[in-house]
Structures are given as structure tokens and as C-alpha cells.
Amino acid sequence: MSETVSGDLCPARAGPVRSPQSLVAGLTLVALAALSLWLISDLDQGTLQSMGPALLPRWLAIAVGLCGLVLVGTSFTTDGDFLERWSLRGPVFVIGSILAFALTIRGYSFGAFALPGLGLLVAGPLGIILGGYATPEARLRELVILALSLTPFCMVLFGDLLNLPIPVFPQALTSLFPADWSQKAVLRACAALMTAGAIVIFLATRNRHPGPVDVADHSGRI
Amino acid sequence: MGDFFANLSLGFGVALSLQNLGLAFLGCLVGTLIGVLPGVGPIATIAMLLPITFGLDPTGALIMLAGIYYGAQYGGSTTAILVNIPGEATSVVTALDGHEMAKQGRAGVALGIAAIGSFFAGTVATLVIAALGAPLTGLALVFGPTEYFSLMVMGLVFAVVLARGSILKAIAMILVGVLLSTVGTDLETGEERMTFGLPFLSDGIDFAVLAMGIFGIAEIMRNLDHTEHRDVVRQAIGRLLPNRDDFRQSYKPVVRGTILGAILGILPGNGAVLGPFASYTLEKKLAKDPRRFGRGAIEGVAGPESANNAGAQTSFIPLLTLGIPPNAVMALMVGAMTIHGIIPGPQVMTKNPNLFWGMIASMWVGNLMLLVINLPMVGMWVRLLKVPYRLMFPAILMFCAIGIYSINSLPTDVMFIGLFGFVGYVLIKLGFEPAPMLLGFVLGKLMEENLRRALIISRGSLETFVNHPISAGLLAVAAILLVIALLPSIRKGRDEVFVED
């Protein structure tokens, strides 16, 4: 988290735009305002005495749009910041990891497409490993160990100790355990197995030379 | 005066129960733990840990959340001093001289004076809250919808003035926040607004989802943009207790910082941020040799740290007495209270005196605990700083996902933190500050409600806001502030105050 290495190192000012950041920011606001105005276009504004549902959103959207227009205007008159360089790797993997978690935690059906509820047991490691690749410094071994140790920790903390309503493992899993085991017992057994797995991997691969890391680019960008 | 002591003793009775002591300790510990990790500020911490408090009784839950809040603030100072990464705006100033002290091998003294100053400030602020709580609550009871609306307008204007960067962008962010708060079913007419016909939007956007997305997730994406470089101090931490010389140099800054911070913290907007800056500027002006500042002056740590803590505590005052959150963290506390079925506002004090005074007393208890948690255990926190970010952020992601899922058991909520995370990332890239947006979002619903009521009472006449004297006064303050902030000469000074390094 060093100082921002932003795009403003390259002073190539092209065209009449003197502050690209303000221009894009302003246009974004205008677009947002237009979207809201369109969404509430069929709602009643009412009068001041009995405000309709659209009154406040409409005037807010107009105000947001005005701010956007002023920003667009200033981008031609005042010097300002350039747009920072964007990286896609971070957002893509982070959002991908969140989506993977959301889709597997309780099961999801969307038309013909259906996923069974897999619980934290699967969603956790999936989210951690996928999310871990958001940085080019990711190392699979570390992430697997992290996934196998953090997931059981969360299972025990949230599912067992705090009793939060979160699916912990796929229902099909209970059939693998003796019938008289309670849900909590299965949870603890799973957690213990995963932790053991983490320890085994840690010990087994400890002395191995750290394999070739994904060193395509250490600048954090793709 | 008798009331004052009776109330405080009631509060300490509640706060010193074994369960609440444990919760306060746990909150402070967890808060410090997460606050120390660079890249996770108090807002993200509270949003992430909100679900943990669900199973508790409301008093215990709020005590724990308050503990997380101070803990995270304290932890932020530790990081600022040892790694030179200010976790959030309030510890920016601490990093200036604190990190210099650390480089000179005086990290321990810097941490020590920060902790001691904060403890002193916390003690004074607790007393201020206890003393001001009752009269302000009385004032709140004469507030009608008109006054409330104007008060919130003033609060938002403060937030604009105190935000960093462009004022126009801050105004736009607040408006966007209020606009977002209107998504969902209109309470009066039952019509759906801006929901895209999606059923899970009909209740509006969930506050916790928005907060966790634009602070927690966006922060991760932004941190990933830069390669990590942590300047962890390699020198020994050194002794923790400041010596007599250090004390002599810093007791006055501590007192001044406390007073400044306590006053500025009460202001609506983001008062707690202003305190450290004001204190640093003041100490620099008063110092015999201002050149020492920025090179490891102990006053530059003692004053701002005290102001920071005093402000953090007194910012509870608007929330507890008027029911209006002055900043994003307090907005999260509103969320926590409503989840526990408590509507923040002047009624809390009369309806739940245990909760109100218990929470105030626990603030002092929490401050005492932080002293114990931070000083002897500093070695452990330093070790924590060595955890690389590439392992930390997947864990944070995981906690966020579990936390948000367990609030409503909705996978869509989890997806939305991803969406808002991306929105927050784009906003930061475009130079917008997300904090004013969150504040606008929280106050938006209250504002619309009060605006509606005020207009119904006045039969649709907007003059009502000027005819009521209190309301007119509040709006006048707001207008004057906005004009001052927009005046170019003063704006320049403001930019200087907020320059980061």
C-alpha cells in the first residue's frame, strides 16, 4: 500500500479536456440521474402538501444531474487529475469469489440451472481460494492451507458457538456419519477433519522448495 | 448533580456485570485486532462483526460494538505509528510524528503516550456525555419534524464541509446517498420506487450491505491495486512508559486536545476527523520550535490522539440524545440498534435507562481495558502486522460474506456487497469520497419522513422551515457554513488542513 502510482505520471494532455477524472465523474452522475428519472417516470409526484412517491427522488435526481453537469463543465475549464490506471484482476476475482460464495452457500436455482446448497464447507474454501487469486502474489499452497484452517474456524465460531443461521455443510453429508450423530457433532467432525488436512498439507509441503510463484507481473496490474 | 451520580452509578452497575465486562473486553480485543491490520478501518470492522452481536441482549450488543469501535480506532493508531499506514482519516496526523518517533527507536513511548492521552480523553469525554445527555435529550423533546429536518440538513452540510477533496463531489455524494435511500416501497403510498421490479429491493437497500460493500469490499479492491510495501519499524519498540520529560511536554497537549476533540466531536458531520487536525495545528502554533513537528515531536502524537479519542466518544452524543448519527460509524450503530428493536432517539434514555447509562459507563470501562490490551500486548500486535496482505484479504472477504449472509440469510445480499464493492471502487477511482454517501443514505429515510410530516402540518408551505425559530437558526448555520466552504480563500486553507503528507 505504497503511495498511489497513478496515471498522472504521463502528462499527455490531449484535446480540450483538462481534467479527465472530472469529466468521467460528471458523466457518471448524469447517467445515474437519467437512470433514476427514467425509473420513476411513471410515478406520481404529488403536491407539497401530500407528497407523492416520486417527489423526493425526482428532485434529488435532478440535483445529482446538475452536479454532474457542473463537473463536466469544470473538466474543460480547470486542470485536474487524470484517471488512475485501472486494474481488472482485483475486482474480477474479488467479485467472482463473492459470487461463488453466494451461489454455493444455500443453493440457487435460476430457471433450469440449479445448484444444491453446499454450505460453508464448500463455499468457504471456494471463496477463499478464488478470492486469493485477486493478487498476482497468490500461492496455491498458502491459500489451500488458509482455506482449510479458516473455514473450520468460521464453522465452529459462527455455526456452533454463535448459532448463526448459516448452512454449514450439504445435507447429503449427514448420511456419511452415524445416524445418531447430531448436526453439531457432524459440524465438529468436519471442522476437525479440515483442520487436520491443513496441518498435513502444511507439514508435508513444508520443506519443499517454494515452487515457481505466479510472477508474471509484480506491479499488481494486468 | 444528584441525578448525575445516580445515573452514573446505575450505568456502572450495568457495565460492571460479569457478562457486560466480558463483552466489552471481547469487543475491545477484537476491535484492536482488526484495527491493527492495515486496510481495515472501524467502519468495515463494525459492519463485518455486526452479526456476531445478534445473539446478545441489546445492551450487551451495543457495549460490544462500542468496544469494537474504540478498539479499531486504537488499533489504527498502532498501525499509524509502527507502519506509517493511517488506517483511516483520524490517524493520519498520528502517523506524521508517531512514525518518526518509531524510527528513532521511541515507538514504545509514542504508543504509550497515545494510550495514556486517549485514556484521559476518554474519561473526560465519558463525563461530558453523562453531563450533557440529560439536558440535550430534554431539548430533543421540543423538536418537531420541522426542526429535525433542518437539523439533518445542517448535519449533511457539516459532512460536506468536512469531507476531503472537492466540495461539489461531496455534495453529489450526499445527494446520491439520499437518492439511494428512496429505493424501495414508499411508506405512504406503498408504491415501489426504483426497484427494477426486483422483490429483494422492495424493502430498500440494506444498510449493512451498502456499508460493507462500499467500505469493506471496495477497500480490498483498492488495496490490491498497489503492490504492498509495509514500512514496519525494525528498531526495538523501546520502553513503553514515557519518562518525566515526555510527560512534562505532553500533558498540556493532552488537555487541549481533549477539549478540542470533545467539542468538535459533538458537531454533526464528521467531527471526530476534525479534532486531530485541529489539535495538531494548534500544538504546532503554540510550540516554541515548530520545526520539530514532523520529526518526532511527542506533542504531535499526544494532542491529536487525545482529540481523536475524545471526539470518537462525544460523537455518540447526537446519536444517543437526538437519534441522529453524526458519522458513518454512528450510522452503523443505528443499524445495530434497529436490528435489536431499539429506535435511537431521545426516548432511549427514558425507556431504556439501563441501556443508555450502561453504554456510557462501559465507554470508560472500555477505555481502561484498551490501556491494558494495548500496552503490554503491543509485541503481539507487531507480529500481527507481519501477516502479508495476500493472506489477509481472502480472510476479510470470507468474514464479510458470512457476516452479511447471516443478517438476512439471503444469498442476494452477498452478491450485492460485491456490486457495491465495485461501485465503491469506481467512486474512489473517480475521486468521490464514499463516507458522505453513507451518511446521506442513513439520514435520507429520516429526512423524507420528517419532511413529509412537516409539510403536512404546514399544509404544504415550505415557509414553515423559516418560520420556526430553531429550524431557521439551524438552516442559517448550514447556509453560512456552505458559503464559507465555497469561498475560494478559505477553501485553500481547508485543503491545506487535509493534505495527507
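Fair warning: this is a prediction, and the values are worked out from it, not measured in the lab.

Residues and elements named next belong to chain B. For Thr314, the position within the fold is in helix 12 (residues 299–314). Here Thr314 falls in the buried class, since its relative accessible area comes to 0%. What Thr314 contacts, discounting residues up to four positions off in sequence, is Ala125, Val128, Ile129, Gly261, Ala262, Gly265 and Ile266.

Before going further, it helps to examine empty space enclosed by the protein. Over the atoms rolls a probe the size of a water molecule, and in doing so it shows where empty space is left. Residue and element names in this part refer to chain B. Across all of its chains, the model carries 7 cavities of 30 Å³ or more by this definition. In this structure, the second largest cavity occupies an estimated 100 Å³ of space. Taken together, Tyr74, Ser77, Thr78, Ile81, Leu111, Ala114, Ala115, Ser118, Glu305, Asn374, Leu375 and Val378 make up the lining of the second largest cavity. Counting residues per element, the ones that place at least two in the lining of the second largest cavity are helix 4 (58–83) and helix 6 (107–141). For the lining of the second largest cavity, the class distribution of residues is 7 nonpolar, 4 polar and 1 charged.

Quick look at the packing of aromatic side chains now. Within a pair of aromatic rings, the relevant descriptors are the distance that separates the centres and the angle that separates the planes. Residue and element names in this part refer to chain B. Considering all chains together, one arrives at 13 aromatic pairs over all chains under this definition. Arranged with centres 6.1 Å apart and planes meeting at 50 degrees, the rings of Phe119 and Trp364 form a pair that is tilted. Here Phe119 is found in helix 6, whereas its partner Trp364 is found in helix 16 (residues 353–374), with 245 residues between them in sequence. Overall, the relative accessible area of 18% leaves Phe119 in the buried class. Between the aromatic rings of Tyr280 and Phe293, the centroid separation amounts to 5.5 Å while the plane-to-plane angle is 85 degrees, which identifies the pairing as edge-to-face. Of the two residues, Tyr280 is situated in helix 11 (residues 271–286) and Phe293 in the loop between helix 11 and helix 12; the sequence distance between them amounts to 13 residues. The two residues Tyr280 and Phe293 agree in class, both being buried. One aromatic cluster is present, formed by Phe12, Phe119 and Trp364 through successive ring pairs. Lying over the aromatic face of Phe432, Lys169 brings its terminal NZ or CZ to 5.5 Å of the ring centre.

The next point concerns unusual backbone geometry. Positive phi is not limited to glycine here, since Arg459 of chain B has a value of about 55 degrees. Looking at Arg459 of chain B, the relative accessible area reads 66%, which means it is exposed.

Our focus in this paragraph is the interface of chain B and chain A. Contacts between chain B and chain A engage 64 residues on the former and 73 residues on the latter. Carbon and sulfur atoms supply 76% of the area that chain B and chain A bury against each other, a total of about 6,400 Å² over both sides. Interface area lost by chain B to chain A is led by Arg390, Met398 and Lys429 of chain B, which between them contribute 11%. Joining chain B to chain A, the criterion identifies 1 salt bridge. A salt bridge links Arg390 of chain B to Glu142 of chain A, with the shortest nitrogen-to-oxygen separation between them at 2.7 Å. At the surface where chain B touches chain A, the tally comes to 6 residue pairs in polar contact (both at pLDDT 80 or more). For the side of chain B that touches chain A, the secondary structure elements donating two or more residues are helix 8 (167–181), strand 2 (192–193), helix 9 (207–225), helix 18 (389–408), helix 19 (411–429) and helix 20 (434–457) of chain B.

All names here are of chain B. Helix length check: helix 22 (residues 469–486), at 18 residues, gives a terminal C-alpha distance of 26 Å against a target of 26 Å (1.5 Å per residue), a fit within 8%. For helix 22, the complete set of buried residues consists of Ser471, Leu474, Ala478, Leu481 and Ala485. Each buried residue of helix 22 sits inside an arc of 95 degrees when the element is viewed along its axis, so together they form one side.

All names here are of chain A. Following the UniProt record, one finds the feature "transmembrane region" (unreviewed entry) at residues 23–40, 60–78, 90–108, 114–134, 143–166 and 186–204. As a span, residues 114–134 carries 67% helix and 10% strand, and end to end its C-alpha atoms are 27 Å apart. For the annotated span residues 143–166, helix accounts for 79% and strand for 0% of the residues, and the straight-line distance between the end C-alpha atoms is 23 Å.

The next subject is the pattern of salt bridges. One side chain can pair with another of opposite charge once the charged atoms of both are near each other. Residues and elements named next belong to chain B. Enumeration over the complete set of coordinates arrives at 17 salt bridges over all chains. Between Asp186 and Arg452 there is a salt bridge whose closest N-O contact spans 3.0 Å. Of this pair, Asp186 sits in the loop between strand 1 (184–185) and strand 2 while Arg452 sits in helix 20, and the two are 266 residues apart along the sequence. Accessibility assignment for this pair places Asp186 and Arg452 in one class, buried. A salt bridge links Arg291 to Asp289, with the nearest nitrogen and oxygen atoms 3.4 Å apart. For Arg291, a relative accessible area of 61% puts it in the exposed group. You can call Asp289 partly exposed: its relative accessible area is 30%. Among the charged side chains, a salt-bridge network with shared partners connects Asp186, Arg193, Glu448 and Arg452.

This next bit is on helix 8 of chain B. All names here are of chain B. If you check helix 8, its first and last C-alpha atoms are 21 Å apart, about what 15 residues at 1.5 Å a residue would give, namely 21 Å. Taken across its 15 residues, helix 8 has 13 buried, putting it largely inside the fold. Measuring from the backbone nitrogen of Leu168 back to the side-chain oxygen at the start of helix 8 gives 3.2 Å, which picks out Ser166 as the cap.

The interhelical angle for the contact between helix 3 (residues 89–105) of chain A and helix 18 of chain B, taken along N-to-C directions, is 40 degrees, at an axis separation of 11 Å. The orientation of helix 3 of chain A with respect to helix 18 of chain B, classified from their angle, is oblique. Crossing angle aside, the handedness with which helix 3 of chain A passes helix 18 of chain B is right-handed. Taking contact as the criterion, the partners of Val94, Ser97, Ile98, Phe101 and Ile105 of chain A in helix 3 of chain A are, on helix 18 of chain B, Leu397, Ala401, Ile402 and Tyr405 of chain B. Grouping the amino acids of the contact of helix 3 of chain A with helix 18 of chain B by side-chain chemistry returns 8 nonpolar, 1 polar and no charged.

Calculation criteria
Every chain begins its residue count from 1, and numbering advances along the sequence as written. Following the order in which they are written, the chains are lettered starting with A and the ligands numbered starting with 1. pLDDT decides what is reported in this predicted model: residues at 70 or higher carry local features, side-chain atom pairs at 80 or more are listed and counted, and totals for whole chains, interfaces and linings draw on all residues regardless. Side-chain measures here rest on the full set of heavy atoms in the structure, leaving out hydrogens and waters. Secondary structure is summarised from DSSP: a helix means a run of H or I of at least four residues, a strand means a run of E of at least two, and numbering begins at the N terminus for each. Residue exposure (1.4 Å probe, protein chains only): buried if accessible area is under 20% of the type maximum, exposed if over 50%, otherwise partly exposed. Note on definitions: a residue-residue contact is assigned when non-hydrogen atoms from the two residues lie within 4.5 Å. Within this scheme a cavity is a closed region of a 1 Å grid, computed over the protein atoms alone, that accommodates a 1.4 Å probe without allowing it to escape, whereas a pocket is open but has protein on both sides within 12 Å along at least five of seven lines; lining residues each have an atom within 4 Å of a point. Grid points are joined across faces, edges and corners, and a volume is the space filled by probe spheres set on the points. All amino acids are sorted into three groups, where Ala, Val, Leu, Ile, Met, Phe, Trp, Tyr, Cys and Pro are nonpolar, Asp, Glu, Lys and Arg are charged, and the leftover types, Gly among them, are polar. Each aromatic pair joins two rings of Phe, Tyr and Trp (for Trp, the six-membered one) with centres within 6.5 Å, and gets the label stacked for planes under 30 degrees apart, edge-to-face for over 60, and tilted for any other angle. A ring is considered to have a charge above it if a Lys NZ or an Arg CZ atom is located within 6 Å of its centre and within 35 degrees of its normal. As used here, buried area is the combined drop in accessible area, with a 1.4 Å probe, of two parts when they are placed together. In the sections that follow, a salt bridge refers to a side-chain nitrogen of Lys or Arg positioned within 4 Å of a carboxyl oxygen of Asp or Glu. Here a polar contact is recorded for every N or O atom pair within 3.5 Å, except that within protein the pair must consist of a potential hydrogen donor and a potential acceptor, and residues adjacent in sequence are included only if both atoms are side-chain atoms. For a helix, the expected span equals 1.5 Å multiplied by the residue count minus one. The reported arc concerns the directions from the helix axis to the C-beta atoms and nothing else. UniProt positions are given in the numbering used here, feature names are shortened, and annotations may be inferred rather than shown by experiment. Interaxial angle, 0 to 180 degrees, is taken between N-to-C directions of lines fitted to C-alpha atoms, where a helix line uses only the stretch in contact. Roughly parallel covers angles under 35 degrees, roughly antiparallel covers those over 145, roughly perpendicular covers 65 to 115, and oblique covers all other angles. Take the far helix as your reference; a near helix turned counterclockwise from it by less than a right angle gives a left-handed crossing, and one turned clockwise gives a right-handed crossing.

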